[in-house]
Amino acid sequence: MLRLPPFRYVAARTAREAARILADNGPDAMPVAGGTDLFPNMKRRQMTPKVLVGLRDVAGVHGIDANGALRLGAMATLTEVAEDANVRERWPAVAKAAGLVSSPPLRNAGTIGGNLCVDTRCNYYNQSEFWRASIGYCMKRDGDVCLVAPGSDKCWALSSSDTAPVMIALGAEVTLVGPEGERRIAVRDLYGPDGIAYLAKRPEEVLTRIHVPDRAGWATTYRKVRRRGSIDFPILGVAVAVRLTAAGVVDEARIVLGAVHTAPVEAGDAEAFLRGRRLDAEAIEMAAGIAYKPAKPLDNADLGYAWRKRMARIEVARALREVAGLPTGDLPAVTA
Ligand SMILES: Cc1cc2nc3c(=O)[nH]c(=O)nc-3n(C[C@H](O)[C@H](O)[C@H](O)COP(=O)(O)OP(=O)(O)OC[C@H]3O[C@@H](n4cnc5c(N)ncnc54)[C@H](O)[C@@H]3O)c2cc1C
Ligand code: SF4
């Protein structure tokens, strides 16, 4: 059985206090929310913080407020988000993505804030200490080479959050609290340059709230590909949000891919292609053919990377068909 390494647990009462403790302890400290990602990673010695700053008792980071825009406390559990009646009715893609994370017990403990901050993943990294030692480690932890792309000076571990693509598609923002004050940034700006520095926020900043604009008049969805129907992380996620004019022409379109790069990928060219067009089967096929191009899956997740890339095209088409009210089942099947 894998055991947690020793650490000191400090329960913070305010977000500012949490940020101060994190700043005082530098790289030795990390925040912990539900612990559903952090604790397994610590057991595998992917990270060994000496101080964990608990966010459970922090004031003002719980609850869901759907009065106008949607405000999610970072400590709202994925189950709370997935089952909230307002979220299901007015932000269905948020509820769907939260409800597709892992399995019910982990959604009961895992939080929406932790989901946006979840570590990037790679088959060479999400392994026990013993396994990683046997292959000489990699540069995300303890080593100096990328085992997926040995010539690369960059880590290609995959962004694997189910809710991040949806939040970006909906134009959501987050509040980050540091020792000296707070700031609000777009979720699209939360992500960093590679699979190691995968968050752009400062390490001592605590994510306290997620703000999702009112998206009345938009059609949205999220689709997830994984081997099993539960537990598995996404090997592909597709979030789509579309607003049509009264004449049925695309006024605005957002397409965001998850688990195909070190951060969620916005398919800007496909979005631009759709603007001003009728959302019919032909436009959808062409948009999907553009949208999957920036996907960069490598051989470091479940199933073949070439198949995952081809599936990106199919799943974008399915997601666009879903929001257009067209059948999704008659697209070609792709074998792994
Ligand atoms: C078997 C298994 C399957 C899983 N499947 C999925 C899946 O399908 N999809 C998916 O998206 N995730 C999956 N996960 C990962 C995880 O369960 C979820 O991402 C969950 O939402 C993480 O939330 P948490 O509160 O448990 O975060 P924690 O584990 O507490 O923290 C995760 C990371 O975020 C940081 N953090 C947490 N909260 C904050 C905050 N408020 N401010 C700043 N930093 C913060 C922590 O320091 C840590 O680095 C899976 C995990 C396991 C073990
Ligand atoms: S992509 Fe490379 S450096 Fe990053 S975790 Fe995988 S093997 Fe390690």
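Everything discussed here concerns the structure shown above.
Since this is a predicted model, take the numbers as computed values, not measurements.

## Overview of the overall build of the chain
Each helix and strand counted, the chain has twelve helices and twelve strands in total. By the compact-globule yardstick of 20 Å for 336 residues, the chain fits well, its C-alpha radius of gyration being 20 Å. Structurally, the chain occupies a C-alpha span of about 60 × 50 × 30 Å along its principal axes. Buried positions account for 52% of the 336 residues belonging to the chain. Carbon and sulfur atoms make up 51% of the accessible area of the chain, which totals about 14800 Å². The average position of the 45 basic charges and that of the 38 acidic charges among the side chains of the chain differ by 3 Å.

## Focus on the site of ligand 2
The local shell around ligand 2 consists of Cys122, Tyr124, Tyr125, Cys138, Met139, Lys140, Cys146, Leu147, Val148, Cys155, Trp156 and Ala157. For the shell around ligand 2, a count of residues per class yields eleven nonpolar, no polar and one charged.

## Here's the deal with the sheet that holds strand β2 (residues 29-32)
Ordered in space as β1-β3-β2, the three strands form an open sheet in which the pairing is parallel. A single partner strand is all that each edge strand has here, and the edge strands are β1 (8-11) and β2. Neighbouring strand axes in the sheet, compared pairwise and without regard to direction, differ in orientation by 30 degrees on average. Pairing between β1 and strand β3 (residues 51-54): four bridges, direction parallel. Pairing of valine 10 across the sheet is with valine 53, part of β3.

## Focus on the pattern of salt bridges
Applying the stated criterion across every chain, the model contains 20 salt bridges. Put simply, arginine 188 and glutamate 266 hold a salt bridge, and the shortest N to O gap is 2.6 Å. Of this pair, arginine 188 sits in the loop between β7 (182-186) and β8 (206-212) while glutamate 266 sits in strand β12 (residues 265-266), and the two are 78 residues apart along the sequence. Look at arginine 188 and you get partly exposed, because its relative accessible area is 49%. Residue classification places glutamate 266 among the partly exposed positions, given a relative accessible area of 30%. The shortest N-O distance in the salt bridge between glutamate 322 and arginine 223 comes to 2.8 Å. Residue glutamate 322 is located in helix α12 (residues 305-324), and its partner arginine 223 is located in strand β9 (residues 218-225); the two are separated by 99 residues in the primary sequence. Here glutamate 322 falls in the partly exposed class, since its relative accessible area comes to 31%. Each of Lys96, Arg223, Glu315, Arg318 and Glu322 takes part in a single network of salt bridges with overlapping partners.

Scoring rules and cut-offs
- Throughout this description, residue numbers start from 1 for each chain and increase along the sequence as written.
- Key to labels: chains lettered from A, ligands numbered from 1, both in the order written.
- Whole-chain, interface and lining totals are the exception, using all residues; otherwise, since this is a predicted model, local features are given only for residues with pLDDT of at least 70 and side-chain atom pairs are given and counted only at 80 or more.
- Side-chain numbers come from the whole structure's heavy atoms, not from hydrogens or water.
- By the criteria applied, helices consist of DSSP H or I runs no shorter than four residues and strands consist of E runs no shorter than two, each listed in order from the N terminus.
- Values of the radius of gyration come from C-alpha atoms, whereas the globule rule sets the reference at 2.2 Å times the count of residues to the power 0.38.
- Type-normalised accessible area, obtained with a 1.4 Å probe on protein chains alone, sets the label of each residue: buried when under 20%, exposed when over 50%, and partly exposed for intermediate values.
- Method for areas: the Shrake-Rupley scheme with a 1.4 Å probe, in which residue coverage is limited to the protein chains shown.
- For the purpose of counting charges, residues Lys and Arg are taken to be positive, whereas Asp and Glu are taken to be negative. His and the chain ends are not included.
- The atoms used to mark charge sites are NZ of Lys, CZ of Arg, CG of Asp and CD of Glu.
- The criterion for a residue being near a molecule or strand is simple. One of its heavy atoms has to lie within 4 Å of it.
- Amino acid classes used here: Ala, Val, Leu, Ile, Met, Phe, Trp, Tyr, Cys and Pro are nonpolar; Asp, Glu, Lys and Arg are charged; the rest, including Gly, are polar.
- Two strands are counted as paired when DSSP detects at least two bridges linking them.
- A fitted line through C-alpha atoms serves as each axis, taken over the contacting stretch for helices, and the angle formed by two N-to-C directions is quoted from 0 to 180°.
- The rule for a salt bridge is simple: a side-chain nitrogen of Lys or Arg has to be within 4 Å of a carboxyl oxygen of Asp or Glu.

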